[in-house]
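Fold and geometry: a report
Take a look at the letters that make up each chain.
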Amino acid sequence: MDLKEFLNYEKVVIQCHDNPDADALASGYAMYWFFQQNGKKVRFIYRGRNEIKKSNLLIMVRELQVPVEYEPFFAEEPDLLITVDCQYGQKNITSTKAKKIAIIDHHQKSTSFSGALTYIKSDVGSCSTLCWKLIREAGLLPNDNRLLATALFYGLFTDTNRLSEVSHPLDRDMMDTLVINKATVTEMVNSNISLQELQITGKAILNYDYHPSNKYLVIEAEPCDPCILGVISDFALETENVSVCVAFYASAYEVKFSVRSCSKEVHADELASFLAEGLGGGGGGHMLKAGGTILPDCLTKSARDTIEERLEWYYDRYLVIYAQHTKLNTSTWKAYEKLSQTLGCIKLTDVFPAGTPINIRTLEGDVDTVIDDEAYLMIGVEGEIYPIKENKLLNSYQLTNFVFTREFEYEPRIKNRATGEIKKVLAYAKTVRTLSSAIVFAKPLEQPVKLFTVWTEDKYYSGDVGDYLTVRADDEHDIYVVKGSLFDRFYKPRN
Ligand SMILES: [Mn+2]
């Protein structure tokens with residue numbers, strides 16, 4: 001989506017969802033500012049039955065001068081209507097007539113409305129992040145308006161449970177870049193919960209549902225600000241013999257839930273996507289903290305029954321393998337030969353000098369390290385990035401002088417932590433080729449597994465039915481999972 005194309009429209013209205021939250025307000029603010037800076041007439045409205053009354057949002061509108069107007073009876077028909085943090089045609093936004101409609105959102109795509117221009121990225125933490133990206137691409141610097149920058153930060157902050165559920169690198173880029181009014185954020189953060197919500201928190205905790213066999217807790221709250229769910233689940237996880245907690249509420253518009261895990265056998269983000277799968281929502285987050293949404297229309301029973309049932313499935317479905325202590329009986333498995341592959345690699349001293357402290361940012365997360373002469377980065381077949389030492393690299397791969405190219409959803413970047421200078425990696429990437437053709441035994445999985453490999457004792461890899469469980473012929477503990485869709489590309493049956 002290129003915002004500059006929108007400058008051809010005469011009358012532009014931006015609308016966020018009814019009962020706006022901080023992310024909706026910040027997103028609309030960013031769009032409003034874009035048109036205003038380009039000398040266009042623009043309005044930013046919200047509709048619905050309720051006027052903003054939460055105290056943190058009142059502070060936000062007042063202190064950050066959010067140019068939003070409450071227009072329950074809006075009757076004009078703009079040339080362009082941009083809906084932010086929601087999708088035109090859905091229940092949570094009152095419909096406004098318009099000649100052209102554009103949608104910017106970070107929720108799961110669910111609009112059936114055709115003919116709209118859409119920019120929907122459901123894996124980022126806030127719509128503010130998307131608006132921040134769009135207005136930068138259109139040539140504006142959000143930091144030129146400190147109040148807007150603060151609003152964008154607060155939008156991400158509240159939509160990701162105080163940043164604890166942030167996982168996308170774009171969200172991190174925005175967090176690192178924005179220059180904000182800290183005092184205003186502190187003021188908003190400390191007016192976040194009303195006394196009534198404090199009571200909701202207490203009542204919810206009294207009605208917990210504990211499952212001793214798998215040590216998880218399910219807590220239902222009355223509909224409330226989603227941040228309350230994070231408060232409840234963070235707090236409840238501190239209880240002894242509780243290793244996973246799911247807190248949720250069900251309102252007419254959505255079921256929101258928050259997942260916390262301190263069990264190494266349960267990644268919170270994986271459980272969150274499992275709970276929401278096929279139910280019109282999605283999840284975000286990381287191993288320890290995650291959250292998600294389910295659309296009530298997709299439920300065939302109550303939200304509580306659905307969540308309880310899915311939790312039971314989740315615990316029943318996996319076989320857990322600790323590769324270090326496991327010998328698999330591979331006598332009936334087929335033998336395969338590993339095919340030669342080309343991958344990418346980057347010598348880190350080509351990017352910054354040895355001794356430089358760096359931060360590597362990828363779709364999978366951030367890594368901090370210091371460059372030394374032996375340090376390389378590998379770019380795997382699916383674009384995943386991981387560090388590797390020179391001797392290990394030369395043992396398995398042959399370096400070539402060919403340039404390496406590929407498309408990334410988010411191109412990894414390396415930041416010099418001493419100077420703040422940021423470089424993208426692709427310009428430094430060369431092609432490498434595998435040297436040996438290892439022999440492996442492999443078998444398609446009949447049950448999902450969680451595999452702790454020899455190298456990753458505290459983090460598991462998930463394999464689903466149809467993926468391959470693979471063991472190197474020369475090392476029975478070298479067990480790993482290969483995606484079913486990729487297996488034929490990497491291995492051929494041995495004759
Ligand atoms: Mn949002």
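Residues numbered from 1 in each chain as written. Predicted model: local features only at pLDDT ≥ 70, side-chain atom pairs only at ≥ 80, totals over all residues. Heavy atoms only, no water.

Right, let's get into the overall build of the protein. Helix and strand counts for the protein come out as 13 helices and 29 strands. Computed over the C-alpha atoms, the radius of gyration of the protein is 25 Å, within 12% of the 23 Å expected from 2.2 N^0.38 for a compact globule of 495 residues. Viewed in the frame of its principal axes, the protein has a C-alpha envelope of about 75 × 55 × 45 Å. Expressed as a percentage of the 495 residues in the protein, the buried residues total 49%. When the accessible surface of the protein is summed, it comes to about 23,700 Å², and 49% of that surface belongs to carbon and sulfur atoms. Positive and negative charge centroids in the protein, built from 55 and 68 side chains respectively, lie 3 Å apart. (Helix = DSSP H or I, 4+ residues; strand = E, 2+ residues; numbered from the N terminus. Rg over C-alpha atoms; globule rule 2.2 N^0.38 Å. Buried < 20%, exposed > 50% of the residue type's maximum accessible area, 1.4 Å probe, protein only. Areas by Shrake-Rupley, 256 points an atom, 1.4 Å probe, with all protein chains shown as cover. Lys, Arg positive; Asp, Glu negative; His and termini not counted. Charge placed at Lys NZ, Arg CZ, Asp CG, Glu CD.)

A few words on the packing of aromatic side chains. The final tally for this structure, using the stated rule, is 14 aromatic pairs. Members of the aromatic cluster, each reached through a chain of ring pairs, are Tyr216, Phe274, Tyr314, Tyr315 and Tyr318. Taking the ring centre of Tyr318 as reference, the NZ or CZ of Lys450 above it sits at 4.4 Å. (Phe/Tyr/Trp six-rings, centres within 6.5 Å; stacked < 30°, edge-to-face > 60°. Lys NZ or Arg CZ within 6 Å of the ring centre and 35° of its normal.)

Turning next to the sheet that holds strand β20 (residues 397-403). Pairing is antiparallel across the open sheet formed by 5 strands, whose spatial order is β19-β18-β15-β23-β20. In the strand order of this sheet, the two ends are held by β19 (385-389) and β20, each with one partner. Going across the sheet, the axis of each strand differs from the next one's by a mean of 40°, ignoring polarity. For strand β15 (residues 342-347) and strand β23 (residues 430-434), the ladder comprises 4 bridges, and the chain directions are antiparallel. Paired with Cys345 across the two strands is Lys430, which belongs to β23. (Pairing = 2+ DSSP bridges. Axes fitted to C-alpha atoms, helices over the stretch in contact; angles between N-to-C directions.)

Looking now at unusual backbone geometry. A positive phi is found at Gln65, a non-glycine position, where the angle reads about 50°. Assignment of secondary structure puts Gln65 in the loop between α2 (55-63) and β3 (68-70). Here Gln65 falls in the exposed class, since its relative accessible area comes to 54%.

Once that is clear, we can look at the coordination of the manganese ion. The coordination sphere of the manganese ion contains the protein donors Asp23 (OD), Asp85 (OD), His106 (NE2) and Asp159 (OD), at a distance range of 2.1 to 2.3 Å. Going along the chain, you hit the donors of the manganese ion in the pattern D-x61-D-x20-H-x52-D. Of the two residues, Asp85 sits in the loop between β4 (80-84) and β5 (100-105) while His106 sits in the loop between β5 and β6 (117-120), which places them 21 residues apart along the sequence. His106 shares its class with Asp85; the two are buried. (Donors = N, O, S within 2.8 Å, 3.2 Å for Na, K, Ca; no water.)

Mapping Gly420 onto the fold places it in the loop between β21 (413-416) and β22 (422-424). The class for Gly420 is partly exposed, based on a relative accessible area of 35%. In the structure, Gly420 is positioned 62 residues away from Ile358 in sequence and 9.1 Å away in space, judged by C-alpha atoms.

Moving on to helix α7 (residues 195-206). Taking 1.5 Å per residue as the helical rise, α7 with its 12 residues ought to reach 16 Å, and the 17 Å between its terminal C-alpha atoms agrees with that figure. What α7 keeps buried is the set Glu197, Ile200, Thr201 and Ala204. Along α7, the residues classed as buried sweep out an arc of 100° about the axis, all on the same side. Opposite the buried face of α7, at more than 90 degrees from it, the exposed residues are Leu195, Gln196, Leu198, Gln199 and Leu206. As for α7, its buried residues are in contact with β8 (216-220) and α8 (226-237). (Expected span 1.5 Å × (residues − 1). Arc of directions from axis to C-beta. Contact = heavy atoms within 4.5 Å.)

With respect to topology, 5 strands assemble into an open sheet ordered β28-β27-β24-β14-β29, the strand pairing being antiparallel. The open sheet terminates on both sides in strands that have one partner only, identified here as β28 (475-482) and β29 (491-493). On average, adjacent strands in this sheet sit at an angle of 40° to one another, irrespective of strand direction. Two elements, strand β24 (residues 439-444) and strand β27 (residues 468-472), share 5 bridges in a ladder whose sense is antiparallel. Bridge pairing in β27 links Val440 to Arg472.

On to the domain arrangement of the protein. We note that the domain assignment places domain 1 (3-189), domain 2 (195-317), domain 3 (322-337 + 437-493) and domain 4 (340-431) within the protein. Averaged C-alpha coordinates put domain 1 and domain 4 at centres separated by 35 Å. Between domain 1 and domain 4, the residue contacts involve 8 residues of the former and 8 residues of the latter. When domain 1 packs against domain 4, close to 620 Å² is buried across both sides, 45% of that on carbon and sulfur atoms. For the domain 1 face of the interface with domain 4, the top three residues by lost area are Pro169, Arg172 and Asp173, together amounting to 59%. At the surface where domain 1 touches domain 4, the tally comes to 4 salt bridges. If you look at where domain 1 meets domain 4, you find 4 residue pairs in polar contact (both at pLDDT 80 or more). Broken down by class, the residue content of the side of domain 1 that touches domain 4 amounts to 2 nonpolar, 2 polar and 4 charged. (Domains from an automatic or database assignment. Buried area = accessible area lost by both parts, 1.4 Å probe. Salt bridge = Lys/Arg side-chain N within 4 Å of Asp/Glu carboxyl O. Polar contact = N/O pair within 3.5 Å; in protein donor to acceptor, adjacent residues only side chain to side chain. Nonpolar A, V, L, I, M, F, W, Y, C, P; charged D, E, K, R; others polar.)

A separate point is a nonpolar patch on the surface. Among the surface-exposed residues, Ile193, Leu195, Leu198 and Val231 lie close enough to one another that they form a single nonpolar patch of about 380 Å² accessible area. When its relative accessible area of 72% is taken as the criterion, Leu195 is described as exposed. (Patch = residues over 30% accessible without salt bridge, like charges linked within 9 Å, V, L, I, M, F, W, Y side chains within 5 Å.)

Here we take up the pairing of β27. On a regular strand, one side chain projects to one face of the sheet and the next to the other, so that they alternate. Taking burial as the measure, the 5 residues of β27 include 4 buried ones, the bulk of the element. The pairing of β27 with β28 spans 5 bridges and is antiparallel. Looking at the pairing, Val471 lines up with Ile479 of β28. Between β27 and β28, which follow one another and run antiparallel, lie 2 residues.

What follows concerns the side chain of Lys256. Here Lys256 shows up in strand β10 (residues 255-261). Among buried Asp, Glu, Lys and Arg side chains, Lys256 stands out as unpaired, with Glu254 the closest opposite charge at 4.4 Å. If we ignore the near neighbours within four places in the chain, the residues touching Lys256 are Pro226, Leu229, Ala247, Phe248, Tyr249, Gly292 and Thr293.

Counted according to the given criterion, the structure contains 30 salt bridges. As a salt-bridge pair, Lys54 and Asp225 come within 2.5 Å of each other at their nearest N and O atoms. Here Lys54, found in the loop between β2 (42-46) and α2, pairs with Asp225, found in the loop between β8 and α8; they are 171 residues apart in sequence, far enough to count as distant. The exposure class assigned to Lys54 is partly exposed, which follows from its relative accessible area of 22%. A single network of salt bridges, built from pairs that share partners, joins Arg172, Asp173, Asp176, Arg361, Asp366 and Arg413.

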